Amino acid sequence: MSVPARQIRAGYSASTITVYQAYPPQIALPAVTAGRFVAPFKRDRMTWIKPSFLWMMYRCGWATKPGQERVLSIDITREGFEWALARACLSHYDRDLHGDKATWSRQLKTSPVRVQWDPERSLHLQALPHRSLQVGLSGEAVDRYVDDWLVALTDITPTVHRVRDLLRRGDTQAAAAQLPIENAYPLQDQIATGLNTSPDVTTEEAPDQ
């Protein structure tokens, strides 16, 4: 089945969406214990959330890259996620969306949210023809993420290691069975236009899951 070039795919329910982040143990473990991000997590730095599990695996190397040894699955409110998307600025200039570079540059500097489309990844972390959205939060968006949007936070590093080990043994089918289910995420037309999603992305309401 053909996948739109730019489409948000994620695990989500009627009220929440799952995103992923990878951190060193000194940040991840206190967060898991507290059920929220606490020191030494820094609010004054941009924090990137990723709805795609496999893109997160590509980024952290199956939880092997320095500083990304623990992978967190984070459920946040859909209301918060869509608040971020509605205020996001693309990290690259697009003439059709921004008109001129000065307008885009001003938006980039003032927006609390930055988004970019990167090649989605296969189970073997090879680049695919379609893209996955990464969302960078800063300023007000980080405070809202930490204080208001976060519903649940889980350390899924053991699952990550299990999938990696299955792949190393050549058991691709068993590895694939461990992956979370991700479906096209429905967007309001205005948000979809601002993100430059592909035109065939659904804008219908999501079903309960």
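Conventions adopted
- All chains use their own residue numbering, which begins from 1 and follows the written sequence.
- The predicted nature of this model means local features are confined to residues of pLDDT at least 70 and side-chain atom pairs, given and counted, to a pLDDT of 80 or more, with totals for whole chains, interfaces and linings taken over all residues.
- Hydrogen atoms and water are omitted, and side-chain values are computed over all heavy atoms in the structure.
- For this document, the term salt bridge refers to a Lys or Arg side-chain nitrogen within 4 Å of an Asp or Glu carboxyl oxygen.
- The helix and strand labels rest on DSSP assignments: H or I over at least four residues marks a helix, E over at least two residues marks a strand, and numbering proceeds from the N terminus.
- Think of it in three bands: with a 1.4 Å probe and only protein chains considered, a residue is buried below 20% of the maximum accessible area for its type, exposed above 50%, and partly exposed in between.
- Note on method: axes are straight lines fitted to C-alpha atoms, helices fitted across the in-contact stretch only, with angles between N-to-C directions ranging 0 to 180 degrees.
- Each angle gets one of four labels, with under 35 degrees taken as roughly parallel, over 145 as roughly antiparallel, 65 to 115 as roughly perpendicular, and the rest as oblique.
- Residues count as neighbours in contact if any of their non-hydrogen atoms are within 4.5 Å of one another.
- Note on residue classes: Ala, Val, Leu, Ile, Met, Phe, Trp, Tyr, Cys and Pro are nonpolar, Asp, Glu, Lys and Arg are charged, and everything else, Gly too, is polar.
- A cavity, in this analysis, means grid points on a 1 Å lattice covering only the protein atoms where a 1.4 Å probe fits yet has no way out; a pocket is instead an open set bounded by protein on both sides within 12 Å along at least five of seven lines, and a residue lines either one if it has an atom within 4 Å of a point.
- Grid points are joined across faces, edges and corners, and a volume is the space filled by probe spheres set on the points.
- A helix is expected to span 1.5 Å multiplied by its residue count minus one.
- In this analysis, strands are considered paired if DSSP registers two or more bridges between them.

Enquirer: Looking at this model, I keep getting lost on the pattern of salt bridges. Mind explaining?
Expert: For side chains bearing opposite charge, pairing can occur when the charged atoms are close. Counted according to the given criterion, the structure contains eight salt bridges. Measuring nitrogen to oxygen at the nearest pair gives 2.7 Å for the salt bridge that ties R70 to D155. With R70 in strand 4 (residues 70-77) and D155 in strand 8 (residues 150-155), the pair connects residues that are 85 residues apart, well separated along the chain. Its relative accessible area of 24% is what places R70 among the partly exposed residues.

Enquirer: Just checking my understanding: could you explain unusual backbone geometry for this structure?
Expert: Most peptide bonds take the trans configuration, and most residues that are not glycine carry a negative phi. With an omega dihedral of 15 degrees, the bond running from A39 to P40 counts as a cis peptide bond. Not every positive phi belongs to a glycine, and A63 is a case in point at roughly 65 degrees. Structurally, A63 can be placed in the loop between helix 2 (53-60) and strand 4. For A63, a relative accessible area of 7% gives the class buried. The phi dihedral of N196 is positive, around 60 degrees, even though this residue is not glycine. In this fold, N196 is placed in the segment after helix 9 (189-195).

Enquirer: Would you mind going over the packing of helix 3 (residues 78-86) against helix 6 (residues 140-149) with me for this structure?
Expert: Any two packed helices are characterised by the angle at which their axes cross and by the distance between the axes. Two elements in contact, helix 3 and helix 6, have axes whose closest approach is 10 Å; the angle formed by their N-to-C orientations is 175 degrees. By the angle class used here, helix 3 and helix 6 are roughly antiparallel. Where helix 3 approaches helix 6, its residues G80, W83 and A84 are matched on the opposing element by E140, A141, R144 and W149. Looking at the contact of helix 3 with helix 6 residue by residue, the class counts come to four nonpolar, one polar and two charged.

Enquirer: Got a minute to help me understand the layout of surface pockets in this structure?
Expert: In this approach a probe as big as a water molecule rolls over the atoms, and the regions it shows empty are the leftover space. Approximately 510 Å³ is the volume found for the largest pocket. What lines the largest pocket is a set of 20 residues, and nearest its centre among them are A22, Y23, M46, T47 and W48. Going through the elements one at a time, strand 2 (16-23), strand 3 (47-49), helix 2 and strand 6 (113-121) are the ones with two or more residues in the lining of the largest pocket. Across the lining of the largest pocket, the residue classes tally to 10 nonpolar, five polar and five charged.

Enquirer: Help me understand helix 7 (residues 157-168), please; the structure alone is not making it clear to me.
Expert: In an α-helix, one turn spans 3.6 residues; hence positions three or four apart end up facing the same way. An ideal rise of 1.5 Å per residue puts 16 Å on 12 residues; helix 7 measures up with 16 Å between its terminal C-alpha atoms. Along helix 7, the residues that are buried comprise T157, V160, V163, R164, L166 and L167. Where helix 7 is buried, its residues meet helix 2, strand 4, strand 8 and helix 8 (172-177). In the segment just after helix 7, G170 is the residue with positive phi, at about 85 degrees.

Enquirer: I tried to follow the pairing of strand 6 on my own but got confused; where do I start?
Expert: By the bridge criterion, three bridges tie strand 5 (residues 88-90) to strand 6 in an arrangement that is parallel. Within strand 6, the position partnered with C89 by the bridge is R114. Bridge count for strand 6 against strand 7 (residues 127-137) is eight bridges, and the pairing is antiparallel. Its bridge partner lying in strand 7, P119 is registered against R131. Here strand 6 folds back onto strand 7, and the loop between the two strands holds five residues, one of which, L125, carries a positive phi near 65 degrees.

Enquirer: When you look at helix 2 in this model, what are you seeing that I'm missing?
Expert: Counting buried positions along helix 2 yields six of eight residues, so the element is predominantly enclosed. Restricting attention to buried positions, one finds in helix 2 the residues F53, L54, W55, M56, M57 and C60. Tucked inside the fold, the buried residues of helix 2 contact strand 2, strand 4, strand 6, strand 7 and helix 7.

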